[in-house]
Amino acid sequence: MATEHPMGAQMYQEQVARRALDALRTVDERAWAVRRLVVRSLRSKLAGDRRLPVGRVASASTAMRRNLGRLLYGRDQVVHRMNLELPPAPGADVITLHDVVAWRFPDESAPVPAAIEEARRAAAVICVSEFSAREAVELLGITDPHVVHNGVEERFFDAEPLPRDIRRSLGIPDEYVLHAGGASRRKNLEALAEAWPLVLRERPGLGLVLAGPPHRHRTELFDGMPGVVLAGRLPDEFMPGVVAGAAVVVVPSLYEGFGLPALEAMAANVPVVAAATSSLPEVVGDTGILVDPTGAGIAGGLLDATRGDASGALVRAARERATRFTWERCAEAHARVWASLA
């Protein structure tokens, strides 16, 4: 699905699709062809090669969606739907479940009505973490999902901080804690807002940079708070430097299907303070500071991470751990699933 504001799920789509053919040639001897479809809404100005009335398709009956899938995918043997709004394939239908937030959290996008039935019928379901796989089994009744962890882009490894002039043009201070991502309730920004005054009292020279698409909830929590920069959505080419320049990256979420910002920080040699919830311990392991998702817990973790060189050993271990999460490995694991169905 084409989208105006790509986030983690769209990065996953791009990274896997880009490597799909090479990965198939690596894991399987048969002659493969890969066809990529980018679907957009009827009036969208975004790039794509198919148009659909996306809202109507998402809310259509199971039978209608099945018929539309026959038209959309033709004779493709294996179809990997990377967005559940798209209709199912008539042959080997593969889906990705990043998480089940649509069913867990009312402030997220509503779930596709047919999604659970289609997921149960799918030839394969890929989940991006063991945590998400457990959620898929327990909440949706999925049988035997495949766990394939996301990767981290090579450009984050040992990235250099942004030059001072660019950083200042973005309003980013010399020393800062970074939170990057969305602002839905599961991101737990309320606890971060509670923690920040406690941190600032002990670290008066430290700033808090909040990067992500403008969101009313984030603005209501932080607008006017001392030491806070609402940076908005920063250019993608700047993100490795923004991450690398941070004193700490904080991921206070109550629920994450994977937690890519934590992995990017690990690759960039930046300490991570993350909530000990959902998939985050699975990604961070023992190479970050895992805390209770409360104001006091987050504040304590940030103060520990910014106490001199206390986190040096963790940073080195985290960088080593990050090398295990590559998009090449991720794509080849996908390819083994696809090859098993053809």
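Here we summarise the structure given alongside this text. (Residues numbered from 1 in each chain as written. Predicted model: local features only at pLDDT ≥ 70, side-chain atom pairs only at ≥ 80, totals over all residues. Heavy atoms only, no water.)

Regarding the overall build of the protein
Along the protein, the regular secondary structure elements total 15 helices and 12 strands. For the protein, whose C-alpha radius of gyration is 21 Å, the value lies close to the compact-globule estimate of 20 Å for 342 residues. Considered along the principal axes of its C-alpha atoms, the protein spans approximately 60 × 40 × 40 Å. Across the protein, the fraction of contacts at a sequence separation of at least 24, relative to all contacts at a separation of at least 6, is 62%. Accessible area of the protein: about 16000 Å², with a carbon and sulfur share of 50%. (Helix = DSSP H or I, 4+ residues; strand = E, 2+ residues; numbered from the N terminus. Rg over C-alpha atoms; globule rule 2.2 N^0.38 Å. Contact = heavy atoms within 4.5 Å. Areas by Shrake-Rupley, 256 points an atom, 1.4 Å probe, with all protein chains shown as cover.)

Details of the environment of M1
Note on placement: M1 falls in the segment before α1 (8-27). Classification of M1 by relative accessible area gives buried; the value is 19%. Sequence spacing of M1 and R81 is 80 residues, and the spatial spacing of their C-alpha atoms is 9.4 Å. With residues up to four places along the chain from it excluded, the contact list for M1 reads Q13, V39, V54, N83, E85 and L86. (Buried < 20%, exposed > 50% of the residue type's maximum accessible area, 1.4 Å probe, protein only.)

Notes on the pattern of salt bridges
Per the counting criterion, the structure on display carries 22 salt bridges. Across the salt bridge formed by R155 and D236, the nearest N and O atoms sit 3.0 Å from each other. Linking R155 in the loop between β6 (146-147) and α7 (164-169) with D236 in the loop between β9 (228-232) and α10 (239-244), this pair joins segments that are 81 residues apart in sequence. On the accessibility criterion, R155 (30% relative accessible area) is partly exposed. Here the salt bridges do not stand alone but share partners, grouping R65, R81, D93 and E118 into one network. (Salt bridge = Lys/Arg side-chain N within 4 Å of Asp/Glu carboxyl O.)

Some details on helix α3 (residues 62-73)
For an α-helix the count is 3.6 residues per turn, leaving residues at separations of three or four pointing the same way. With 12 residues, α3 extends 16 Å from end C-alpha to end C-alpha; this agrees with the ideal 16 Å at 1.5 Å per step. Those residues of α3 that sit buried are T62, R65, G69, L72 and Y73. Seen along its axis, α3 keeps its buried residues to an arc of 80 degrees; they face one direction. Within α3, the exposed residues directed more than 90 degrees away from the buried face are M64 and L71. (Expected span 1.5 Å × (residues − 1). Arc of directions from axis to C-beta.)

Some thoughts on the sheet that holds strand β5 (residues 124-127)
Strand order in the open sheet formed by 4 strands is β3-β4-β5-β6, with parallel pairing between adjacent strands. Of all the strands in the sheet, just β3 (78-81) and β6 have a single pairing partner and so form its edges. Two elements, strand β4 (residues 92-97) and β5, share 4 bridges in a ladder whose sense is parallel. Counterpart to I95 in the pairing with β5 is V125. (Pairing = 2+ DSSP bridges.)

So, the nonpolar core
One finds L178, V243, V249, L263 and W338 to be the most contacted residues of the largest nonpolar core, which totals 61 residues. Of the residues forming this core, the biggest block, 8 residues, is contributed by helix α15 (residues 327-341). When sequence neighbours within four positions are dropped, the list of residues in contact with L178 reads V209, A211, V242, V243, A246, V248, V249 and V250. The next biggest cluster of nonpolar side chains, apart from the first, holds 26 residues, and it includes L192, A195, L208 and L303. (Core = buried A, V, L, I, M, F, W, Y, C linked by side-chain atoms within 4.5 Å.)

Considering the packing of helix α11 (residues 260-267) against helix α14 (residues 312-322)
Closest axis-to-axis distance for the α11/α14 pair is 7 Å, and the angle between their directions is 115 degrees. It follows from the interaxial angle that α11 and α14 lie roughly perpendicular. As for the relative orientation of α11 and α14, their crossing is left-handed in sense. Residues L263, M266 and A267 of α11 pack against A318, R319, R321 and A322 of α14. (Axes fitted to C-alpha atoms, helices over the stretch in contact; angles between N-to-C directions. Parallel < 35°, antiparallel > 145°, perpendicular 65-115°, else oblique. Left-handed = near helix turned anticlockwise from the far one by under 90°.)

A short note on α1
Remark: the principal bend of α1, roughly 55 degrees, maps to A20. Of all the positions in α1, only M11, Y12, Q13, Q15, V16, R19, A20, A23 and L24 are classed as buried. Elements that come into contact with the buried residues of α1 comprise β3, β4, α11 and α15. (Bend = angle between axes of the 7 residues up to and from the residue.)

A word on the pairing of strand β7 (residues 176-180)
Counting buried residues in β7 gives 4 out of 5 residues, a clear majority hidden from the surface. Across 5 bridges, β7 lies against strand β8 (residues 207-211) in parallel orientation. What sits directly across from L178, in β8, is V209. Following the chain from β7 across helix α8 (residues 189-202) to the adjacent parallel β8, one finds a crossover that is right-handed. (Right-handed = clockwise from strand over helix to strand, strands pointing away.)

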